[in-house]
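Residues per chain, in single letters:
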Amino acid sequence: MDRIKSLRIHPLTAAVLALTASTAAAEEGNADQPIIQFHEVLVAADRNPAAKEKDERILVVERTQLEEQQPESIAQALKYAPNIEVVGGPRYSNQSPNIRGLSDTRVLQTIDGARQNFSSGHRGTYQLAPELLKQVEVKKGPASSLWGSGAIGGIVAMSTKSTSDLLSGNDTFGGYVKEELGTNGNSTETTVAAYGLYGDFDYLINASVSENDNVEIGSGEELADSAGENTALLARGGFKISDNQRVDISFRHNNRDEAVPSNPNANVGTSSPLVERDITDQNVTANYWVQAGNSKRTDGAARHTTKVTVYRNDTQFEEFRPTQGDSSLGTLGQNDNTEVTTTGIAINNATEGFGAQWVYGLDWYQDDITTVRDGDNRPENMNADSDVLGVYAQAAFNFGDKVTLTPGVRYDRFEAESQQLADSARNDSAVSPSLSAEVKAAEWLSLTASYATAFRAPGVEEMYTQGTHFAYGDFSFMGLGFLANTFIPNPDLEAEEARNAELRADMAFSNLAAEGDQLTASAAIFRNKVDNFIEQVVINPHFMLGFPMNTTYLNVDKAELKGFELGVNYLVSDLELGMNYGQTEGKDLSDDSYLSNIPADKVVLDVGHYFLQRDLKAGFRTTFISAQEQLPEEETREFGKYNLTDAYVTWEPATGSLNGLKLGLAVDNLTDEEYRVAFQELYMPGRNIKLSASYRF
């Protein structure tokens, strides 16, 4: 990355300039304003606020599937997609998705357009109850040309419920109550919601309380320290300023209490002591939409759309380690506090002009990280911040009805500094271009070739962590004193960089075997090269004992991730059939060795059928996971193949006295398979029978 010393634009100044341009465009088209339907969130992952149809390249898990599945975590909701695997172990609060071999900070996470940047050690990063969701989207592969830092593996974009999602017809008030029960861990979740319209004002309050005991893995053995309690709240209010302007403000709160190992993907032990955690995640997001002019290409669409998002997240882990410390000195027990606050502004625009559909905008966000570590031989306290400003533009040029060429580019400047380290301030920049070409080869066939780049700026923990990592003990009897492994800060880490090439074919047919049937199929092949992988490494062995005496973060690997995906779906009358396959191979290009944390090959079969005038739906999803035999030389564990079957039934009368009632039955791991996800330490939960009942009024 090139260091730059140039004129800096303050983020608020840039925001004002961008908003002024948008307002001017709105005023220009004021004579013929469209009447727009807000809250029609079709696809958030492509950052187009004017989108009127879904992009087949983006995976969308809608509320219907979420209610069929009743997932315990966001990652669980995505587990049927090709080349996506659930990682983080069997404790649901620690789970996250691995996308094409990349996970954690290499997959960007957003909720209602607001970045979720919390990342600290082995602490979970997904702090949203699935019950509050409208839908979850995944854009696979590098996406920094739109989203900036972090999107080298993809983006998970979550959208929460709104009043317009829940109200029916001309109703002005509604609500629902819901109860869910699960046999594995005796889980319960109670949800209530109220929502309505009052003139041009709309409101929503949605809250849930859940708890679970220790879960059982497939062998029937209880997984100790896996119980927890969770409280979630979503409050939202919106106001329609005019036919082409709207403002929406939401508040989200999530609190979880649990006692788990410090690394929840392991059992309690010397290196992973028991931690009593109180996790609080809060967010305030304000959105403003404005549209102007009438589209010349799409009926009912605007020529210009602007969406302005202002947000603030605060995630805090308050932790107590009851077994740590020295009881002989009366210091048994250690308190930790980790807090990450993100403040941001995002301005997204979509405009027709100059022969193209333009998507462009500005992002600014600031992360403040504060950690307090109690006791001796611990990592030192940290107070650090990072600041990112990015601008981006993408244009879709149509050449007739056959060819669409879409170039894009984004520029980001990021800064970081630790208050504990002298001369720790650093700044850097990145340019992320992308290019895709789509050809409508036939009425039923579209071919797409794309190239995208991405980067991930090093995190403040990776650059600035210091103090004790872990202690070896007192070796005074050997004249060596107390020995410990200590962190060495590395403020000079380079940003991770990714370059992805992808070919894709999408096919759609109708009226093949029966009138009105639909068959869709897709195939994609990709190659993602990632440079400057940042990894935590132990270094500097002790001259006598050989213990590594230091831990630091280094840029170590040049990786290549390649693979392909296939998907087929067929709909006829009341029958739904689906099948997909995903394969990813990861190698370290420096020595041609296999990488760890690469998902095993996976096939998913999906069968669903409607009954009783479509009031009742029953189905199952079976997953076939291959053995993972592509292992690094140092990996001694074996990861065998396994098959999982999940089943579901939902019943929702559309008419009659029971209208508003919905009953659900979902069974995860029907055969109680004992299995372990490749490269994970612990085995996953066994059979779980989940019942749900809700009533909407």
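The structure presented is a predicted model; accordingly, all values stated were derived computationally and were not measured. (Residues numbered from 1 in each chain as written. Predicted model: local features only at pLDDT ≥ 70, side-chain atom pairs only at ≥ 80, totals over all residues. Heavy atoms only, no water.)

### Here's the deal with the overall build of the protein chain
How we decide: Counting from the N terminus, the helices are DSSP H or I runs at least four residues long and the strands are E runs at least two residues long. Our radius of gyration looks at C-alpha atoms and nothing else; its globule reference is 2.2 Å times the residue count to the power 0.38. To sort residues, take the accessible area from a 1.4 Å probe on protein chains only and compare it with the maximum for the residue type: under 20% means buried, over 50% means exposed, and anything in between is partly exposed. Calculation of accessible area relied on Shrake-Rupley with a 1.4 Å probe; when residues are assessed, cover is drawn exclusively from the protein chains displayed.
When its secondary structure is counted, the protein chain shows six helices and 32 strands. Relative to the 2.2 N^0.38 estimate, which gives 26 Å for 697 residues, the radius of gyration of the protein chain is 26 Å and therefore close to what a compact globule would have. Relative to its full complement of 697 residues, the protein chain shows a buried share of 53%. A total accessible area of about 30,500 Å² is found for the protein chain, and carbon and sulfur atoms account for 53% of it.

### Details of the nonpolar core
Keep this limit in mind: Each nonpolar core is a collection of buried residues, namely Ala, Val, Leu, Ile, Met, Phe, Trp, Tyr and Cys, held together in the definition by side-chain atoms within 4.5 Å. Working rule for contacts: check all heavy atoms of both residues, and any pair within 4.5 Å makes them a contact.
Within the largest apolar cluster, 27 residues are counted, with the highest numbers of intra-cluster contacts made by Ile 74, Leu 78, Leu 133, Val 136, Val 156, Met 158 and Tyr 195. For this core, the secondary-structure elements that each account for two or more residues are helix H3 (74–77), strand S4 (107–111), strand S6 (133–140), strand S7 (154–160), strand S9 (187–198) and strand S11 (228–242). Broken down by element, the residue count for this core peaks at three residues, all from S6. Once you skip the residues sitting within four places of it in the chain, Leu 78 turns out to touch Leu 59, Val 61, Ile 84, Pro 97, Val 136, Val 138 and Val 156.

### Some details on the sheet that holds S7
Here is the rule we go by: Being paired, for any two strands, means DSSP has found at least two bridges between them.
Spatially, the five strands line up as an open sheet ordered S1-S6-S7-S4-S5, and their pairing is mixed. Edge positions in the sheet fall to strand S1 (59–62) and strand S5 (114–115), since each has one partner strand and no second. As paired strands, S6 and S7 are joined by seven bridges and run antiparallel to one another. Bridge pairing in S7 links Val 138 to Val 156.

### Here we look at unusual backbone geometry
Most of the time, phi is negative for any residue but glycine, and the peptide bond is trans. Positioned with a positive phi, Phe 354 is a non-glycine residue whose angle comes to about 55 degrees. Tracing the backbone through its elements, the reader meets Phe 354 in the loop between strand S15 (334–353) and strand S16 (356–373). Positive phi outside glycine occurs at Asn 669, with the angle close to 50 degrees.

### Some remarks on the environment of Asp 385
With respect to the secondary-structure elements, Asp 385 resides in strand S17 (residues 382–399). Taking the C-alpha atoms as reference, Asp 385 lies 9.4 Å from Thr 341; in sequence the two are 44 residues apart. Aside from chain neighbours lying at most four places away, what touches Asp 385 is Asp 367, Asp 368, Glu 415, Ala 416, Glu 417, Gln 419 and Val 460.

### Some thoughts on the side chain of Asp 588
The criterion, for reference: Charge counting follows a simple rule: Lys and Arg are positive, Asp and Glu are negative, and His as well as the terminal groups are ignored. Any Lys or Arg side-chain nitrogen found within 4 Å of a carboxyl oxygen on Asp or Glu counts as a salt bridge.
Turning to its location among the elements, Asp 588 is positioned in strand S26 (residues 575–588). It is Lys 558 that comes nearest to the buried, bridge-free Asp 588 among opposite-charge side chains, at 9.1 Å. When sequence neighbours within four positions are dropped, the list of residues in contact with Asp 588 reads Asp 557, Lys 558, Ser 593 and Leu 595.

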